[in-house]
Amino acid sequence: MVGQPRLSARSALTLPFRNRGLAFRDHCSPIGSDASETSPLNPLVAYFEAHKTGRGIFKWNHYFEIYHRHLHRFVGQSVHFLEVGIYSGGSLQMWSDYFGSEAHIYGVDIEEACRAYENEKTTIFIGDQADRNLWRRIKHEIPLIDVVLDDGGHLPEQQIATFEEMLPHLRPGGVYICEDIHGINNRFAAYLQGLSSQLNSGELHRRANKELSVEPSSFQSSINGIHLYPFVAVVELNTTRVETIEARRHGTHWQPFF
């Protein structure tokens, strides 16, 4: 049909498997449904539950476990944390409390009124996150960031612009979180699927001792992992660049068929 995008040959081959995954999803039974959603030791949960007055915090309950899983190693460190989407300012206070006195918090919002949340430990920038010039100005003014949390406008073009501008501005070992990715056909989710497929690329090289190696791409050298949760994606960087990906053999007894 005129005007319809054509699938590449490779995409056409993988489409049945994508559809098979969608079908399995509809019939998959939950596992471990009796497990607690959040750890009682999670300080973010404790903070949120105790926060009954003051600046507002608006979060899905399961986000706190995801945050703590990926960010607890920064607690007590001289962390530089950037949050997109300030709203009523309560989450800025939560993050400052969570990371501790050595942290510096950066907030980005389109609303000029959010400048009121700035203090000696919190820097506020005002602008549209879809504007790449905003991010270029921010990167010029602040050091490399340890954590970016995108809780901004939630439109795919905003999320993609922010991701492409700020992922390269993360320190080694940094973490990028984008939340509120809603809908099966969400365009930012599709963007992430294309991105994550590159983690599996590479030509296998077989050594004389049958060990395997892959020369990683620049992307594979930098990315530790891409984690997908309900409504949330987390991208973690390696602390050091990976020079080779290897499958090594240990042991003395081997079956002859490989």
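Q: Looking at this structure, how should I read the packing of aromatic side chains?
A: Centre-to-centre distance and the angle between the planes together describe a pair of aromatic rings. Tallying each qualifying case throughout the model produces 14 aromatic pairs. Judged by centre distance (6.1 Å) and plane angle (80°), the ring pair of Phe 64 and Tyr 67 falls under edge-to-face. Of this pair, Phe 64 and Tyr 67 both sit in helix H3 (residues 63-71), three residues apart, which is roughly one turn of the helix. For Tyr 67, a relative accessible area of 1% gives the class buried. Between the aromatic rings of Trp 95 and Tyr 98, the centroid separation amounts to 5.9 Å while the plane-to-plane angle is 75°, which identifies the pairing as edge-to-face. Separated by three residues within a single helix, Trp 95 and Tyr 98 lie in helix H4 (residues 90-99), roughly one turn from each other. For the residue pair Trp 95 and Tyr 98, the accessibility class agrees, reading buried in each case. Counting every residue linked through ring pairs, the aromatic cluster contains Phe 48, Tyr 63, Phe 64, Tyr 67, Phe 81, Trp 95, Tyr 98 and Phe 99. One residue, Arg 249, lies across the ring of Trp 254, its end atom 3.8 Å from the ring centre.

Q: What is the right way to look at helix H7 (residues 187-197) in this model?
A: Side chains that are three or four residues apart share a direction in an α-helix, a result of its 3.6 residues per turn. Within the span of H7, buried status applies to Phe 188, Ala 189, Leu 192 and Leu 195. Seen from one end, H7 has its buried residues packed into an arc of 115°, which puts them on one side. Along its buried surface, H7 packs onto helix H6 (156-166), strand S5 (170-179), helix H8 (218-222), strand S8 (223-229) and strand S9 (232-237). The residue sitting at the N-terminus of H7 and contributing the capping side-chain oxygen is Asn 186; that oxygen lies 2.8 Å from the backbone nitrogen of Phe 188.

Thresholds, definitions, all that
Residues numbered from 1 in each chain as written. Predicted model: local features only at pLDDT ≥ 70, side-chain atom pairs only at ≥ 80, totals over all residues. Heavy atoms only, no water. Phe/Tyr/Trp six-rings, centres within 6.5 Å; stacked < 30°, edge-to-face > 60°. Helix = DSSP H or I, 4+ residues; strand = E, 2+ residues; numbered from the N terminus. Buried < 20%, exposed > 50% of the residue type's maximum accessible area, 1.4 Å probe, protein only. Lys NZ or Arg CZ within 6 Å of the ring centre and 35° of its normal. Arc of directions from axis to C-beta. Contact = heavy atoms within 4.5 Å. Polar contact = N/O pair within 3.5 Å; in protein donor to acceptor, adjacent residues only side chain to side chain.

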